[in-house]
Amino acid sequence: MPSFEQVVTIAEALDHPRHTMVELGENLPEEVLALVFSLLPLRDRAAAAGVCKAWATAATSSVVWHNTSISCDCELESMLPPHLSTCLDHVHNLRLECEPSCKRSRQAAIELLTMMAGRAPGLRGLRLECRGEKPLFDAGRDILGAVSAVCRTASKLSHLDLRRLPFTLDDALVLQAAHGCPELRSLFLDNHTLVNGVQPGSVLELLKACPHLRALGLHLSSVSRAVLEALAAPDRAPFELLALRCACPEDARASPPPDEAWAALRCRHPELAVELELEPALSEDNVTRILQPAVPVAVLRLNLSGDTVGPVRIAARHYAATLRTLEVRASRSRELDAALEELAACCAGLREIHCFCVVRASVLDAFRERCPRLRSYTLKLKREPHPWRPTLLR
């Protein structure tokens, strides 16, 4: 790792004439320059590569590009550095941001993904994030088509995260990932969308084709008893995380797998953690059916339009041994305060509690006194400007 003094020297050189940079490039080892360049935005890496031969060598080394984050806004939309195509061979983990409502940003993302599809054998991780509003009446087929192209060629891909894509994900994409990326360890499809297009049958095919999968994010309607039984199969690799989002009409109509299927899965994978995110599309009856006692819920996010007090009390009863994080978005009430205090008394292993409404002081006292492993909380005693920042405990 470069020393603090070396980093400061390089930072100062960026504001000095070219000859200073050349002297710096001649005096510092290539590995030091590469580590510093890996922290720079894409445009600055391109600028560094044009300073001198030593900097060009360092700026195009694999160390700089192993973990790469690219924004398709001001950084990339009008400029793909000439050396980027060659450097893509060295990208192992790519985090790509774009704003789909901006045509240039969107086109840049598609162009880059298309380039990756042609040079993807070394790609191990891909995470896509969209910001802003998605275009009206747009299904995102162009971006999803580029993602499918990557999945066709990235046979060593281990991690694919599509949670921040606001488009409808479908069976075709899942099956392409299943058959094109057999080494997948994690796949997250639990995105914010009004329609879920992934059926349980495609998930079963995915599990069959990807035996090493350890983490999976889905909408509730993509999960069935057969899916849980496949995960509980004796020859299955240890499974660690199942993230379920319950937010669209399909989720509201879905029948949750029975308790015995969850119990068998938990017995087969005792370290399994389940994340549940419940949204306003669910009725109170559906919420009660989803919060089954046998589900090993570690993270519970409640953003319900109706009763929130009931689910908090259910969590206190059912998940006292497993719950680690609770997020609640609700209106202030005495009943909610009482339910939160009850949960604090039951869930001693809780590590995070975030409640986005004002609570009484006794709620804060209850969590601080009865949850010795608590490390972060958002419990406001009076209204404050948003966004509310959590309090961190050491």
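Structure: above.
Summarised in this report is the structure supplied together with it. Owing to the predicted nature of the structure, the values given are computational and were not obtained by experimental measurement.

**Thoughts on the overall build of the protein**
Assigned secondary structure in the protein consists of 18 helices and 13 strands. Relative to its full complement of 394 residues, the protein shows a buried share of 51%. Partitioning the contacts of the protein with sequence separation of at least 6, the portion at a separation of at least 24 is 73%. Of the roughly 18300 Å² of accessible surface on the protein, a fraction of 52% belongs to carbon and sulfur atoms.

**Comments concerning the side chain of Arg-245**
Summarising the element assignment, Arg-245 is placed in strand β7 (residues 241-246). Overall, Arg-245 belongs to the buried group, its relative accessible area being 5%. One polar contact links Arg-245 to Glu-279, side chain to side chain, over a distance of 3.4 Å. Those residues in contact with Arg-245 that sit more than four places away from it in its chain are Asp-190, Asn-191, His-192, Leu-218, His-219, Leu-220, Asp-251, Glu-277 and Glu-279.

**Structural notes on the pairing of strand β6 (residues 215-219)**
The buried fraction of β6 is high, at five of five residues. Residue alternation in β6 divides its side chains into two sets, Ala-215, Gly-217 and His-219 and Leu-216 and Leu-218, and both sets are buried. Direction of pairing for strand β5 (residues 186-188) relative to β6: parallel, over a ladder of three bridges. For Ser-186, the partnering residue across the bridge sits in β6 and is Ala-215. Taken together, β5, helix α11 (residues 200-209) and β6 form a β-α-β motif whose crossover is right-handed. Of the pairings in the sheet, the one linking β6 to β7 comprises five bridges and is parallel in character. Across the sheet, Leu-216 pairs through a bridge with Leu-242, a residue of β7. In this view, the connection linking β6 to its parallel neighbour β7 by way of helix α12 (residues 225-231) has right-handed handedness.

**Digging into the packing of aromatic side chains**
Tallying each qualifying case throughout the model produces zero aromatic pairs. Sitting over the ring of Phe-188, Arg-163 keeps its end group 4.0 Å from the ring centre. For Arg-329, the ring lying beneath its charged end belongs to Phe-356, and the centroid distance is 4.1 Å.

**Some details on helix α14 (residues 259-268)**
For α14, the set of buried residues is Ala-261, Trp-262 and Leu-265. Looking straight down α14, one finds that the buried residues subtend no more than 100 degrees of arc, so they occupy a single side. The inward-facing, buried residues of α14 contact α12, β7 and β8 (273-278).

**Some remarks on the nonpolar core**
The nonpolar side chains of soluble globular proteins are, as a tendency, buried together. If you look at the biggest cluster of nonpolar residues, it comprises 119 residues, and the most contacted ones within it are Leu-184, Leu-216, Leu-340, Leu-343 and Phe-367. Counting residues per element, this core draws most heavily on helix α9 (residues 141-153), which supplies seven residues. Residue contacts for Leu-184: discarding those within four places in its chain leaves Leu-157, Ser-158, His-159, Leu-160, Ala-177, Leu-206, Cys-210, His-212 and Leu-213.

**Looking at the environment of Gly-306**
Relative to the assigned elements, Gly-306 resides in the loop between β9 (297-302) and α16 (309-318). C-alpha of Gly-306 to C-alpha of Pro-280: the two residues are 26 residues apart in sequence and 7.5 Å apart in space.

**Regarding the state of the cysteines**
Taken as a whole and assessed by the stated rule, the structure comprises zero disulfides. Cys-151 carries a free sulfur, and the closest cysteine sulfur to it, the one in Cys-181, is 4.3 Å from it. Counting only cysteine sulfurs, Cys-346 is the nearest neighbor of Cys-347, a cysteine outside any disulfide, at a range of 6.0 Å.

**As for empty space enclosed by the protein**
Over the atoms rolls a probe the size of a water molecule, and in doing so it shows where empty space is left. Evaluation of the coordinates by the stated rule reveals one cavity of 30 Å³ or more. Around the largest cavity, the lining residues are Leu-96, Glu-97, Cys-98, Ala-109, Leu-128, Glu-129, Cys-130, Ile-143 and Leu-165. Contributions of two or more residues to the lining of the largest cavity are made by β2 (93-98) and β3 (125-130). The residue makeup of the lining of the largest cavity, split by class, is seven nonpolar, no polar and two charged.

**Concerning the layout of surface pockets**
If you add up the space inside the second largest pocket, you get close to 200 Å³. Lining the second largest pocket are Arg-163, Arg-164, Asp-190, His-192, Ala-243, Leu-244, Arg-245, Glu-275, Leu-276, Glu-277 and Arg-301. Broken down by secondary-structure element, the contributors of at least two residues to the lining of the second largest pocket are β4 (159-164), β7 and β8. Here the lining of the second largest pocket is composed, by residue class, of three nonpolar, one polar and seven charged.

**Observations concerning the environment of Thr-153**
Topologically, Thr-153 is positioned in helix α9. For Thr-153, a relative accessible area of 35% corresponds to the partly exposed category. On a C-alpha basis, the gap between Thr-153 and Leu-123 in space is 9.4 Å, while along the polypeptide they are 30 residues apart. At a separation of 2.8 Å, a polar atom in the side chain of Thr-153 contacts the main-chain carbonyl oxygen of Ala-117.

**Re the pattern of salt bridges**
Between side chains of opposite charge, a pair can form when the charged atoms approach closely. In this structure the tally under the stated criterion is 18 salt bridges. In this structure, Arg-301 engages Glu-275 in a salt bridge whose closest nitrogen and oxygen atoms are separated by 3.7 Å. Pair noted here: Arg-301 is in strand β9 and Glu-275 is in strand β8, with a separation of 26 residues, a long-range link. Two residues, Arg-301 and Glu-327, come together in a salt bridge whose shortest N-O distance is 3.6 Å. Taken as a pair, Arg-301 in strand β9 and Glu-327 in strand β10 (residues 325-328) lie far apart in primary sequence, 26 residues in all. Residue classification places Glu-327 among the buried residues on the basis of a relative accessible area of 19%.

The rules behind each value
Residues numbered from 1 in each chain as written. Predicted model: local features only at pLDDT ≥ 70, side-chain atom pairs only at ≥ 80, totals over all residues. Heavy atoms only, no water. Helix = DSSP H or I, 4+ residues; strand = E, 2+ residues; numbered from the N terminus. Buried < 20%, exposed > 50% of the residue type's maximum accessible area, 1.4 Å probe, protein only. Contact = heavy atoms within 4.5 Å. Areas by Shrake-Rupley, 256 points an atom, 1.4 Å probe, with all protein chains shown as cover. Polar contact = N/O pair within 3.5 Å; in protein donor to acceptor, adjacent residues only side chain to side chain. Pairing = 2+ DSSP bridges. Right-handed = clockwise from strand over helix to strand, strands pointing away. Phe/Tyr/Trp six-rings, centres within 6.5 Å; stacked < 30°, edge-to-face > 60°. Lys NZ or Arg CZ within 6 Å of the ring centre and 35° of its normal. Arc of directions from axis to C-beta. Core = buried A, V, L, I, M, F, W, Y, C linked by side-chain atoms within 4.5 Å. Disulfide = S-S within 2.5 Å. 1 Å grid on protein atoms, 1.4 Å probe; cavity = no way out; pocket = protein on both sides within 12 Å on 5 of 7 lines; lining within 4 Å. Points joined across faces, edges and corners; volume = space filled by probe spheres on them. Nonpolar A, V, L, I, M, F, W, Y, C, P; charged D, E, K, R; others polar. Salt bridge = Lys/Arg side-chain N within 4 Å of Asp/Glu carboxyl O.

Interpretation note: all reported values are geometric properties and have no functional meaning in isolation.
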